[in-house]
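Spelled out, the chains give:
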Amino acid sequence: MNTFKKIKRKISKFAENFAHLTADVIYDRRTGWDVFLYATFLRALSFIFEAIARTRYWLYNKRILRDAPLGCLVVVVGNLTVGGTGKTPIVEKFARTLSERGRKVAILSRGYKSKSEGSFKKFLRWITHGEAPKPRVVSDGKNVLLDSEIAGDEPYMLARNLPNVVVVVDKNRVRAGHYAITEFGVDTLILDDGFQYLPLKGQVQLLLVDKTNPFGNFCLLPRGILREPVSHLSRASFIFLTKSDGKKDIKLEQVIRKYNPSVEIIECAHRPTCLANFSTNQRTELDILKGAKVACFSAIAVPEGFENFLTQLGGEIVYKKRFLDHHRFDDIELETFFDNAVKAGADFAVCTEKDAVRIRTDLSTPIPFYYTKLEIDIIDGNEDFEAAVEKICFPKRHSDSFI
């Protein structure tokens, strides 16, 4: 049994290292002949992926494949790239604003990395012609009903932070939308990470572009970070430049205007507002970072931004650990991290809010443990954002409305 466990552990470690290598190649973090050969292989696969993406969009654009209108407003929030654009805070800000202005809002999510129906159960249901399971309701607009493991990280976090918004998880978001309308009487659906979900048509397309790394190396998956060609910027109703420093990026705007000349561009930044104690949720001012020795870990697509904010606010990172995006931490990993943090002389440890929801709530730590709280700050184009909300909430006031 011990031998089997060792082999299993080695296989798991190899798979993790290979995944890290692939991520580093996609983000061009490594060099060398072995990396070059692997990148060339991935580039060939990118051509196939691009052909599939273009064909799929063409089929929907020509109405050969049909979308499914649901009879209510659908707001799509998404991106052209994989991970790291800061989408969840934008979804939260938009949902909160719409709710405060009188809309009955539901967020539809596929629940990435959440627990789903097992393969055997799917097969059994298929051969018995059984009914598909109902969409999972993370929040009914009053109570949070599922944890992050079942719901997924982002849906759980949104449900926890938005008490008056319904959150529903299902890979089939047409079905999820029908369910939200019939069961909860919503009049506005926000399709989270839905720019590539063509079966459900959105009247408003909010496209997020990470200003610090807009399109990567301009390659599609698996060589680059693009899910679809840059030319599909043309589909956006509004473009949010996230992680902005407030400085104009003429080259980036030229790329955007090339494919979408009239689109409204709104620049925003993700501002850390405070640190929250993991055990008590009590909030602490960011001043605690000044001059402090900090240990940090994260399992997000672009960890550099999180780490930079810690140092920019005066913290000295004495130990850090990066995991793959959406990694679910086990007790041994966390115990090892905190042991190393103590050995490095850290005053306290910090992770992101997204990471915090994947950790069991009764975790005991040898040093204080915090997670970051973020909010969206509109730097440029605030009038455009307000105009977008106004058009969505009160479309009859606008002759050029989306509805």
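Preceding this section is the structure that the text describes.
Counting restarts for each chain, with residues numbered from 1 along the sequence as it is written. Selection of residues for local features in this predicted model requires a pLDDT of at least 70, selection of side-chain atom pairs for listing and counting requires 80 or more, and totals for whole chains, interfaces and linings are taken over all residues. Side-chain metrics in this entry use all non-hydrogen atoms of the structure; hydrogen atoms and water are not considered.

**Some thoughts on the pattern of salt bridges**
For the record, the criterion: What counts as a salt bridge is simple: a side-chain nitrogen of Lys or Arg found within 4 Å of a carboxyl oxygen of Asp or Glu. Per the convention used, a helix needs a DSSP run of H or I reaching at least four residues, while a strand needs a run of E reaching at least two, with both numbered from the N terminus.
Taken as a whole, this structure holds 31 salt bridges when the rule is applied. Across the pair aspartate 153 and arginine 328 runs a salt bridge, and its minimum N-O distance is 3.3 Å. One end of the pair, aspartate 153, is in helix H6 (residues 153–161); the other, arginine 328, is in the loop between strand E11 (316–322) and helix H10 (331–343), with 175 residues separating them in the sequence. With a shortest N-O distance of 3.2 Å, arginine 358 and aspartate 355 are connected by a salt bridge.

**Details of the side chain of aspartate 153**
Definition in use: For every residue, the accessible area (1.4 Å probe, protein chains only) is compared with the maximum for its type, and the residue is labelled buried under 20%, exposed over 50%, or partly exposed between those bounds. Within 3.5 Å is the distance limit for a polar contact, defined as a pair of N or O atoms, with the added protein rule that one can donate a hydrogen and the other accept it, and that residues adjacent in sequence qualify only through two side-chain atoms. We call two residues contacting when some pair of their heavy atoms lies within 4.5 Å.
Of the residues examined, aspartate 153 reaches a relative accessible area of 1% and is grouped as buried. A distance of 3.0 Å separates a polar atom in the side chain of aspartate 153 from a polar atom in the side chain of histidine 326. In this structure the side chain of aspartate 153 is engaged in a polar contact, spanning 2.6 Å, whose partner is the side chain of arginine 358. Residues contacting aspartate 153, with those up to four places away along its chain left out, are Ser148, His326, Arg328, Lys354, Val357 and Arg358.

**Some details on the nonpolar core**
Inclusion rule: For this analysis, a nonpolar core means a set of buried residues of the types Ala, Val, Leu, Ile, Met, Phe, Trp, Tyr and Cys, connected via side-chain atoms within 4.5 Å.
Of all hydrophobic cores here, the largest spans 35 residues; its most connected members are Val75, Phe94, Leu98, Ile107, Ile190, Leu206 and Phe240. Judged by nonpolar contacts, the second largest core, of 32 residues, contains Cys72, Leu200, Phe215 and Leu252.

**Overview of helix H8 (residues 250–259)**
Rule in force here: It is the directions from the helix axis to the C-beta atoms that the arc portrays.
Buried within H8 are the following residues: Leu252, Glu253 and Ile256. One face of H8 carries all of its buried residues, which in axial projection span an arc of 95°. In H8, the exposed positions angled more than 90 degrees off the buried face are occupied by Ile250, Lys251, Gln254 and Lys258. The inward-facing, buried residues of H8 contact strand E6 (204–210), strand E7 (238–242) and strand E8 (264–277).

**Considerations on the side chain of serine 148**
Mapping serine 148 onto the fold places it in helix H5 (residues 148–151). Looking at serine 148, the relative accessible area reads 5%, which means it is buried. Not counting residues within four places of it along the chain, the set of residues in contact with serine 148 comprises Asp153, Tyr156, Arg328, Val357 and Arg358.

**Considerations on the packing of aromatic side chains**
Stated formally: Classification of ring pairs rests on two measures: the distance between centres of Phe, Tyr or Trp rings, Trp counted by its six-membered ring, which must be within 6.5 Å, and the angle between planes, read as stacked under 30 degrees, edge-to-face over 60 and tilted in between. Comment: the charge-over-ring label is applied if NZ (Lys) or CZ (Arg) is within 6 Å of the ring centre and within 35 degrees of the ring normal.
Evaluated as defined, the whole model comprises 16 aromatic pairs. Plain terms: the ring middles of tyrosine 179 and phenylalanine 184 are 6.4 Å apart, the flat faces sit at 70° to each other, and that makes the pair edge-to-face. The exposure class of phenylalanine 184 is partly exposed, given its relative accessible area of 22%. With centroids separated by 5.1 Å and ring planes inclined at 80°, the aromatic side chains of phenylalanine 337 and phenylalanine 338 adopt a geometry described as edge-to-face. Taking relative accessible area as the criterion, phenylalanine 337 reaches 3% and is therefore assigned buried. Through pairs of rings, three or more aromatic residues link up here, namely Phe278, Phe297, Tyr319, Phe323, Phe329, Phe337, Phe338 and Phe369. Here arginine 235 stacks its cationic end above the ring of phenylalanine 195, 4.1 Å away from the centre of that ring. When the ring centre of phenylalanine 323 is taken as reference, the NZ or CZ atom of lysine 321 above it lies at 5.5 Å.

In short, the description is geometric, and any link to function would need to be established separately.
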